[in-house]
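Here's the letter readout for the chains.
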Amino acid sequence: MGGPLGCAAALAGVAWTGVSLPASGDAAPPAGSPPRTGQPGWHVAGEYGLYVAFARPGLEVRWLTEEERPGLVRAIVNGRVVDERRTDPGYAHAARLRVRAPTVTLEYGATPADGAGGAAALHRTRIWAESPPPDIELAGHDSVFVFGDVHGEFDRVVSLLGLAGLIDADLRWTGGSAAVAFLGDLFDRGNDVTRLLWFVYRLEREALAAGGRVVTLLGNHEAMVLSGDLRYVAPKEQTIGELHGLSYETLFDPRRSVLGRWIAGKPGLVRLEDLLFAHGGVSPAYVDSSLEEFQDTLETFIAEPLFRRWRDEAFLREFARETRLDSAQIYRRYDFFFGPESVLWYRDLVLADTLGRHLDAVLERFEARLHVVGHTPVPTIRESYGGRLIAADLLDAAAEMLRLTRRRDGGWNRTVIKLDGGTVALDSAAHPGA
């Protein structure tokens, strides 16, 4: 096995085969070549298969069509088409657009069979030149909705948001000043990761404009994909990269990809009101950090080229030599993202019921009353430690959503919204002030 021991071996000049990132706790997907596009239930057109990257002098756009047809892409700024490209007949299309603007609307798709018109049949996606800065402390939201690990289950996510009245039939934000938190692991396993990411990318802007919030945290599967560990990518998602002629991790390269840059800029710890959100949870290794210190470390480490190249033995040695980092400093970077006490990987708070003192120390340190986590699967969203911890990752991904509403006594009413429209109250009544 690799892991941190592999790092040390490489630094010592011992023969080494690269870092093997830790398993997520689930069996690896079955081996075999993935089927091609066109399988029943597979969607690839529009945002299901869209790749956009920043490229000089503008944008590189790659999109897929359900039929072998000529393609068309337009860049629209302030209601005016500033560039337009047509592509040869095919299923996969690519073009460079010469456009520079803070906000660009892309229209893209296939031209009609007769070659005339076609604007009405095109898909539309809005691109922002700059990602919003990560918000790690938020206030002013007395209604908060929380998803655990959703793993590409786009249809389920929009169904639950619709049931809660947070989006309309066109999937536009209608939640007003409410907040929605995704606790990480949007990536992997499900077939519609790409579509889900584009949806959340847009929804956070719409929510912010309406006085609400959409908060997305980094999970361990984000770290895995961004660093090239693709063991849990669904066959259909892998096929999107193949059709574009790109590796899957290239689709989310944080240096060029619009979605990659956006997701790599997400925080690992967020306090919203007196709610502390993390993917795995705050372990003893990080209980003495502040939100600002943790975020500074995250931004520093994820921006280093080492983050994307743990498996490259030659690069690892060269990086250590050039930066003069010793093995302990290399270990620290690896453990921050992939160690068992990483905020992205920690499970003990959910798996045990004897860590009340540690949880109290976490809540005191981060000035919170409730810690909400994902990562460790449970059959249904549940409370523990007298209502001070809520576990929101589900064995059946995105089958439920947590709703928290502020009570007059300052605590939170906790309700689980299910896909069938039913609701179940958690046992917060037994924990006054929780």
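Residues numbered from 1 in each chain as written. Predicted model: local features only at pLDDT ≥ 70, side-chain atom pairs only at ≥ 80, totals over all residues. Heavy atoms only, no water.

Undergrad: I'd like to hear about the sheet that holds strand S6 (residues 137-138), residue by residue, with values.
TA: Sheet strands line up and pair through hydrogen bonds in the backbone, either parallel or antiparallel. Strand order across the open sheet formed by 6 strands is S6-S10-S11-S12-S14-S13, with mixed pairing between neighbours. Edge positions in the sheet fall to S6 and strand S13 (382-384), since each of these pairs with one other strand and no more. In this structure, strand S10 (residues 269-272) lies alongside strand S11 (residues 275-278), joined through 4 bridges in antiparallel fashion. Of the residues in S11, the one forming a bridge with Arg-271 is Leu-276. Of the strands in this sheet, S6, S10 and S11 are in contact with helix H8 (residues 291-303), which crosses S10 at around 145°. Each of S11, strand S12 (370-373) and strand S14 (389-391) touches helix H12 (residues 356-365); the most contacted strand, S12, lies at about 105° to it. (Pairing = 2+ DSSP bridges. Helix = DSSP H or I, 4+ residues; strand = E, 2+ residues; numbered from the N terminus. Contact = heavy atoms within 4.5 Å. Axes fitted to C-alpha atoms, helices over the stretch in contact; angles between N-to-C directions.)

Undergrad: Describe the packing of helix H2 (residues 154-163) against helix H3 (residues 193-209), with residues and values.
TA: The N-to-C vectors of H2 and H3 enclose an angle of 35°; their axes lie 9 Å apart at closest approach. Together, Phe-154, Val-157, Val-158 and Leu-161 of H2 and Arg-195, Leu-196, Phe-199 and Leu-203 of H3 make up the contact between the two elements. Tallied by class, residues from the contact of H2 with H3 come to 7 nonpolar, no polar and 1 charged. (Nonpolar A, V, L, I, M, F, W, Y, C, P; charged D, E, K, R; others polar.)

Undergrad: Please provide a residue-by-residue account of H12, values included.
TA: Taken as a whole, H12 has its buried residues at Gly-356, His-358, Leu-359, Val-362 and Leu-363. An end-on view of H12 places all buried positions within 160° of arc, on one side of the element. Those residues of H12 that are exposed and angled more than 90 degrees off the buried face are Arg-357 and Glu-364. Glu-367, located one to two residues past H12, shows a positive phi value of around 50°. (Buried < 20%, exposed > 50% of the residue type's maximum accessible area, 1.4 Å probe, protein only. Arc of directions from axis to C-beta.)

Undergrad: Break down the nonpolar core for me, with residues and values.
TA: Soluble globular proteins: nonpolar side chains tend toward being buried together. In terms of nonpolar packing, the biggest core is built from 108 residues, with Leu-161 and Phe-199 touching the most fellow members. Per-element accounting of this core gives the leading share, 9 residues, to H3. The contact partners of Phe-199, leaving out residues within four places of it in the chain, are Glu-47, Phe-154, Val-157, Val-158, Leu-161, Ile-167 and Leu-171. (Core = buried A, V, L, I, M, F, W, Y, C linked by side-chain atoms within 4.5 Å.)

Undergrad: Tell me about the packing of aromatic side chains, and please be specific about residues and values.
TA: Taken as a whole and assessed by the stated rule, the structure comprises 18 aromatic pairs. Residues Trp-198 and Tyr-201 carry aromatic rings whose centres are separated by 5.4 Å and whose planes lie at 90° to one another, so their mutual orientation is edge-to-face. On the criterion of helical spacing, the pair formed by Trp-198 and Tyr-201 is a turn pair, its members being 3 residues apart in helix H3. The exposure class assigned to Trp-198 is buried, which follows from its relative accessible area of 1%. (Phe/Tyr/Trp six-rings, centres within 6.5 Å; stacked < 30°, edge-to-face > 60°.)

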